[in-house]
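Here's the letter readout for the chains.
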Amino acid sequence: MLSYKHGFHAGNFADVHKHMVLVQLINALNQKPKPWSYLETHGGKAHYDLTDEQAEKTGEYKKGIAPVWAAAQPPTLVANYLAQVSTENTGRLLRYYPGSPAIAANMAREDDRIAIMELHANEYELINKYFKRNTQVAIHHRDGYEGVLSMLPPKPNRGVVLIDPSYEVKSEYQEVARFIKKAHQRWPIGVYAVWYPILEAGLHRAMLQSVASSGIRKVFVSEFYQKSSNSGRMFGSGMMLINPPWQLEEQLGSVMPWLERTLAESDADSSSGRWLVPE
């Protein structure tokens, strides 16, 4: 698990999908004056240079954030997301990409609080350095599941938990499902956002089913497909959302056709949004 580095994948189509949803979740929290908490199980290094060796080796951002960044008159949800990417760049030059911790910090208000877990020693050192002068952000060098669970319920008592592991080990899917059940018991009013890769093996289905049968209510799933399911690679990106804000289903549904036109290959399946468990 500690061999994974997100720098090779920063700004890819899955990041676009994941972070567009995350920005909308935080925007919804910001509609009310009450402060919020943001917790994350796998923070990464928070800030990525798209011209460095890792990003250029895979070039995944070229079929992710790059065409979205270059698009004219994007929909509101996409424009809100791009506004966060803009904070890391100068003018129209796209060089840097913000990870989810940076996005949360950029959107935080004075009384909002952020706690990020990162177990990888090098990634922890980099993210700790990035947030060195930000007193709103606490970086913890510890296991993400154990760390976040120990902080629930958080103060302030409204907010979001992002669960975004690498899934390099197959057992990670069920580890996520177990974590969600425990976390929801401790903080049932929290918003939980779980990113997962969509691969030919379909291991994410058992994870979704485990959560669906747990008794947890109000679970929405958004899936974006970029490639054909027989491409032999990750062909889709999923977000499982527990307690999503009002109207998110309609908002995501309205933007997915644009995202498909901008990022999806011609033989990709249509993206979908559905209630895994209704309220």
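This text gives an overview of the structure that appears in the document. Throughout, a residue's number is its position along its own chain's written sequence, starting from 1. This being a predicted model, a pLDDT of at least 70 is required before a residue's local features are given, and a value of 80 or more before pairs of side-chain atoms are given or counted; all residues contribute to the totals for chains, interfaces and linings. For side-chain calculations, the full set of non-hydrogen atoms in the structure is used, while hydrogens and water are omitted.

**Regarding the nonpolar core**
- To qualify as a nonpolar core, a set must consist of buried Ala, Val, Leu, Ile, Met, Phe, Trp, Tyr and Cys residues joined through side-chain atoms within 4.5 Å. When accessible area is computed with a 1.4 Å probe and restricted to protein chains, residues below 20% of their type maximum are described as buried, those above 50% as exposed, and intermediate ones as partly exposed. In terms of nonpolar packing, the biggest core is built from 88 residues, with Ile 65, Tyr 81 and Ile 180 touching the most fellow members.
- Residue contributions to this core peak at 10 residues, all from helix H1 (residues 13-29).
- Once you skip the residues sitting within four places of it in the chain, Ile 180 turns out to touch Ile 163, Tyr 192, Val 194, Val 211, Ile 216 and Ile 242. Elements are defined by DSSP. Helices are runs of H or I of four residues or more, strands are runs of E of two residues or more, and each kind is numbered from the N terminus. Contacts are residue-level and defined by heavy atoms, with any inter-residue pair within 4.5 Å sufficient.

**Let's talk about the sheet that holds strand E8 (residues 219-225)**
- Strand order in the open sheet made by the 8 strands is E5-E4-E1-E6-E7-E9-E8-E10, with mixed pairing throughout. The outermost strands of the open sheet, each flanked by one partner alone, are strand E5 (137-140) and strand E10 (272-277). The average angle at which neighbouring strand axes cross in this sheet is 15°, direction not considered.
- Strand pairing is assigned whenever DSSP identifies at least 2 bridges connecting the two strands. By the bridge criterion, 7 bridges tie strand E7 (residues 191-198) to strand E9 (residues 236-242) in an arrangement that is antiparallel. If you follow Tyr 192 over to E9, its bridge partner there is Ile 242.
- Here helix H5 (residues 100-107) sits on the sheet and contacts strand E1 (37-40), strand E4 (113-117), E5 and strand E6 (159-163); the angle it forms with E1, its principal contact strand, is near 175°. Note on method: axes are straight lines fitted to C-alpha atoms, helices fitted across the in-contact stretch only, with angles between N-to-C directions ranging 0 to 180 degrees.

**Here's the deal with unusual backbone geometry**
- The residue after Leu 152, namely Pro 153, is reached through a cis peptide bond having omega -5°.
- By secondary structure assignment, the location of Pro 153 is in the loop between helix H7 (144-150) and E6.
- Of note, the bond from Lys 155 into Pro 156 is cis; its omega dihedral lies within 30 degrees of zero at 0°.
- Along the chain, Pro 156 turns up in the loop between H7 and E6.

**Points about the side chain of His 19**
- Position of His 19 among the secondary structure elements: in helix H1.
- Its relative accessible area of 1% is what places His 19 among the buried residues.
- Filtering out sequence-adjacent residues up to four positions away, His 19 remains in contact with Tyr 81, Tyr 97, Pro 98, Gly 99, Ser 100 and Ile 103.

**Brief notes about the pairing of E9**
- The buried fraction of E9 is high, at 7 of 7 residues.
- The side-chain alternation of E9 yields two buried faces, one formed by Gly 236, Gly 238, Met 240 and Ile 242 and the other by Ser 237, Met 239 and Leu 241.
- Pairing of E8 with E9, which is carried by 7 bridges, proceeds in the antiparallel orientation. Looking across to E9, one finds that Tyr 225 is bridged to Gly 236.

**Observations concerning the packing of H1 against helix H4 (residues 76-86)**
- Two elements in contact, H1 and H4, have axes whose closest approach is 9 Å; the angle formed by their N-to-C orientations is 95°. With respect to H4, the axis of H1 lies roughly perpendicular. The segment H1 lies against H4, with Asp 15, Val 16, His 19, Met 20, Val 23, Gln 24 and Asn 27 engaging Leu 77, Val 78, Asn 80, Tyr 81 and Gln 84.
- As a working rule, the residues Ala, Val, Leu, Ile, Met, Phe, Trp, Tyr, Cys and Pro are called nonpolar, Asp, Glu, Lys and Arg charged, and the rest polar, with Gly in that last group. Here the contact of H1 with H4 is composed, by residue class, of 6 nonpolar, 5 polar and 1 charged. Reported orientations rely on four angle classes, namely roughly parallel under 35 degrees, roughly antiparallel over 145, roughly perpendicular from 65 to 115, and oblique for the rest.

**Examining helix H8 (residues 172-186)**
- One less than the number of residues in a helix, times 1.5 Å, gives the span that helix is expected to have. With 15 residues, H8 should reach 21 Å at 1.5 Å per residue; the first-to-last C-alpha distance of 21 Å fits that figure.
- Residues of H8 that are buried sit in contact with H7, E6, E7, helix H9 (204-212) and E9.

**Quick notes on the packing of aromatic side chains**
- Pairs were defined over the aromatic rings of Phe, Tyr and Trp, the Trp ring being its six-membered one, requiring ring centres within 6.5 Å. Orientation was assigned from the angle between planes: stacked under 30 degrees, edge-to-face over 60, tilted for the rest. On inspection of all chains with the given rule, the structure shows 8 aromatic pairs.
- Seen in terms of ring centroids, Tyr 130 and Phe 131 are 4.8 Å apart; in terms of plane orientation they differ by 85°. Their pairing is edge-to-face.
- On the basis of an interplanar angle of 35° and a centroid distance of 4.6 Å, the ring pair of Tyr 167 and Tyr 173 is categorised as tilted.
- You can call Tyr 167 buried: its relative accessible area is 6%.
- Through successive ring pairs, a cluster of aromatic residues spans Tyr 167, Tyr 173 and Trp 195.

**Concerning the packing of H1 against H5**
- Their axes nearest at 10 Å, the elements H1 and H5 cross at an angle of 25°. Regarding the angle of H1 to H5, the classification is roughly parallel. Read as a crossing pair, H1 and H5 show a hand that is right-handed. Counting all contacts with H1, which are made through His 19, Leu 22, Val 23, Ile 26 and Asn 27, the residues of H5 involved are Ser 100, Ile 103, Ala 104 and Met 107.
- Its residues placed into classes, the contact of H1 with H5 shows 6 nonpolar, 3 polar and no charged. Should the near helix be turned anticlockwise from the far one by less than a right angle, the crossing is left-handed, and should it be turned clockwise, the crossing is right-handed.

Read these as layout, nothing more, since geometry by itself doesn't imply function.
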